[in-house]
Amino acid sequence: MSVVADTARPAPPRRRATRRVVLVTVGFFLGAVALAILSLTLGKYPISPDRLLALALGTGSDFERLVLMEWRLPTAIAAVVFGAALGLAGAIVQRLTRNPLGSPDLVGIDVGAFTGVAIAMILLGAKGFWPIAAAASLGGLLTAALVTALAYRGGLSTFRLIVVGIAVAAALGSINAYLVTRADVGDAMSVGLWGAGSLTRVSWQSLVPSVVILVLVGAAALLTTRSLRSLDLGDDVATAHGVAVVRLRLTLIALAVVVTAVVTANTGPLAFVALAAPHVARRLAPGTGLIPAIGAGAFLLTSAQFVALALGLAGIAAPVGLVTLSLGGAYLLTLLIGVRRR
């Protein structure tokens with residue numbers, strides 16, 4: 001009887017929470033993959049779902065394989081991978097700042113990357129993926145360093161970090177606008193199209209190295225999970241556990257900047273994905289883990305890309321950056337109303 005009673009005993013809360021996190025994360029990724037596969041069928045040249053596997057195996061016309069393998073497949077993979085990367089960056093920034101509004105969007109990293117690209121394209125005439133990626137990374141890193149330096153007053157206040165980040169982002173936004181207005185028409189259009197945020201410019205040549213970089217950075221971030229748990233309890237507790245708090249913060253900020261810069265270099269700024277992904281993950285799974293936020297980011301960006309493609313079929317030209325901006329603005333407003341009520 002005791003054996004039966006033990007086997008019938010419900011799982012402990014921690015095990016149930018872990019099981020829920022796993023189920024939610026797997027659900028996010030399965031949903032993202034499903035939407036990415038469906039997005040392969042959408043476009044001016046429709047491809048039926050039953051043709052996808054045949055084309056992937058090498059049958060069909062050369063034009064169909066070109067459309068699928070060279071144009072649409074890199075975009076679909078980028079939606080999953082880049083969304084996951086932005087979810088990771090958002091989760092890192094929110095846990096470091098301990099603020100639900102913390103994200104690369106709001107602390108100026110995105111705008112700094114845009115400034116780096118605008119300077120490279122307009123003033124230096126840079127073209128191609130690698131120069132733009134380097135400019136975006138440098139702009140993001142310098143912005144993060146500036147925000148951190150201005151916000152540091154014997155310590156790094158999370159509230160001060162966000163306020164300074166918003167102020168720096170506003171200043172850089174005015175610089176970006178000035179650069180665009182002073183550029184010739186061709187450069188201004190190139191920067192403007194890049195700034196709209198789109199996955200359609202992603203190719204295998206830029207996607208493969210970007211995925212390698214993001215996987216390495218993501219693995220490095222996940223290795224800090226145990227130290228992050230100690231940091232969640234406060235700097236003093238983390239120090240008592242042997243965590244080098246300042247070095248950990250700087251390392252994680254650098255990782256978040258690199259992730260954001262790599263994605264931004266490929267697509268342009270994709271607003272609010274990094275902000276919303278950790279919130280969606282926390283609503284469905286307990287805790288503040290990085291992995292559920294990664295899954296939520298992948299699902300959010302693939303959903304936005306699917307909406308953008310569907311709008312395109314309806315005759316409405318809407319890059320994915322515009323979709324994330326519209327949906328993210330509404331989500332931010334809802335979030336702020338909820339925070340004020342609490």
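Residues numbered from 1 in each chain as written. Predicted model: local features only at pLDDT ≥ 70, side-chain atom pairs only at ≥ 80, totals over all residues. Heavy atoms only, no water.

Considerations on the packing of helix α5 (residues 109–123) against helix α12 (residues 245–267)
Piece 1. The geometry of α5 relative to α12 is characterised by a closest axis approach of 10 Å and an angle of 50 degrees between their N-to-C directions. Comparing their axes, α12 and α5 come out oblique. Our pair here, α5 against α12, has a crossing hand that is right-handed. Side by side, α5 and α12 meet where I109, D110 and A113 of the first sit next to V257, T260 and T264 of the second.
Piece 2. For the contact of α5 with α12, a count of residues per class yields 3 nonpolar, 2 polar and 1 charged. (Axes fitted to C-alpha atoms, helices over the stretch in contact; angles between N-to-C directions. Helix = DSSP H or I, 4+ residues; strand = E, 2+ residues; numbered from the N terminus. Parallel < 35°, antiparallel > 145°, perpendicular 65-115°, else oblique. Left-handed = near helix turned anticlockwise from the far one by under 90°. Contact = heavy atoms within 4.5 Å. Nonpolar A, V, L, I, M, F, W, Y, C, P; charged D, E, K, R; others polar.)

Considering a nonpolar patch on the surface
Piece 1. Together, Y45, F63, L66 and W71 give the surface a local cluster of nonpolar side chains, amounting to about 390 Å² of exposed area.
Piece 2. Overall, the relative accessible area of 35% leaves L66 in the partly exposed class. (Patch = residues over 30% accessible without salt bridge, like charges linked within 9 Å, V, L, I, M, F, W, Y side chains within 5 Å. Areas by Shrake-Rupley, 256 points an atom, 1.4 Å probe, with all protein chains shown as cover. Salt bridge = Lys/Arg side-chain N within 4 Å of Asp/Glu carboxyl O. Buried < 20%, exposed > 50% of the residue type's maximum accessible area, 1.4 Å probe, protein only.)

Some details on the confidence of the model for the protein
Piece 1. Averaged over all residues, the pLDDT of the protein is 83; the fraction at 70 or higher stands at 92%.
Piece 2. With pLDDT under 50 throughout, residues 1–8 is counted as low confidence; its partners more than four residues away or in other chains account for 0 contacts. (pLDDT = per-residue confidence, 0-100.)

Regarding the nonpolar core
Piece 1. By size, the foremost hydrophobic cluster in this structure holds 65 residues, and its most contacted members are F82, I92, L214, L231, L252, V263 and V320.
Piece 2. Among all residues touching I92, those that are not within four sequence positions of it are A221, L252, A256 and L290.
Piece 3. Counting 17 residues, the second-largest nonpolar core is a separate cluster that includes F114, V117, A133 and V191. (Core = buried A, V, L, I, M, F, W, Y, C linked by side-chain atoms within 4.5 Å.)

A closer look at the pattern of salt bridges
Piece 1. This structure, assessed with the given rule, holds 1 salt bridge.
Piece 2. The salt bridge involving E64 is made with R51; its shortest N-O contact spans 2.8 Å. Within this pair, whereas E64 is found in helix α4 (residues 62–97), its partner R51 is found in helix α3 (residues 49–56), the two being separated by 13 residues in sequence.
Piece 3. For E64, a relative accessible area of 13% puts it in the buried group.

Some details on the side chain of S206
Piece 1. On the secondary structure map, S206 appears in helix α9 (residues 204–222).
Piece 2. In terms of polar contacts, S206 uses its side chain to reach the side chain of N266, at 3.3 Å.
Piece 3. Once residues within four sequence positions are removed from consideration, S206 is found in contact with F129 and N266. (Polar contact = N/O pair within 3.5 Å; in protein donor to acceptor, adjacent residues only side chain to side chain.)

Let's talk about the layout of surface pockets
Piece 1. Put simply, the largest pocket is a space of about 740 Å³.
Piece 2. Forming the walls of the largest pocket are 28 residues, and the residues nearest its centre are G43, S198, T200, Q305 and L309.
Piece 3. Counting residues per element, the ones that place at least two in the lining of the largest pocket are α4 and α14 (290–313).
Piece 4. With 6 residues, α4 is the single largest residue contributor to the lining of the largest pocket.
Piece 5. Residue classes in the lining of the largest pocket are distributed as 17 nonpolar, 7 polar and 4 charged. (1 Å grid on protein atoms, 1.4 Å probe; cavity = no way out; pocket = protein on both sides within 12 Å on 5 of 7 lines; lining within 4 Å. Points joined across faces, edges and corners; volume = space filled by probe spheres on them.)

Quick look at the packing of helix α6 (residues 129–151) against α12
Piece 1. At a minimum axis separation of 8 Å, α6 and α12 run at an interaxial angle of 145 degrees. α6 and α12 meet at a crossing whose hand is right-handed. Contacts between α6 and α12 involve F129, I132, A133, A136, S137, G140, L141, A144 and T148 from the first element and I253, V257, A261, A265 and N266 from the second.
Piece 2. For the contact of α6 with α12, the residue count by class is 10 nonpolar, 4 polar and no charged.

Details of unusual backbone geometry
Of all residues except glycine, most have a negative phi; of all peptide bonds, most are trans.
Piece 1. One non-glycine residue, F272, adopts positive backbone phi at about 75 degrees.
Piece 2. Checked against the element boundaries, F272 lands in the loop between α12 and α13 (273–284).
Piece 3. Take F272: its relative accessible area is 13%, and that puts it in the buried class.

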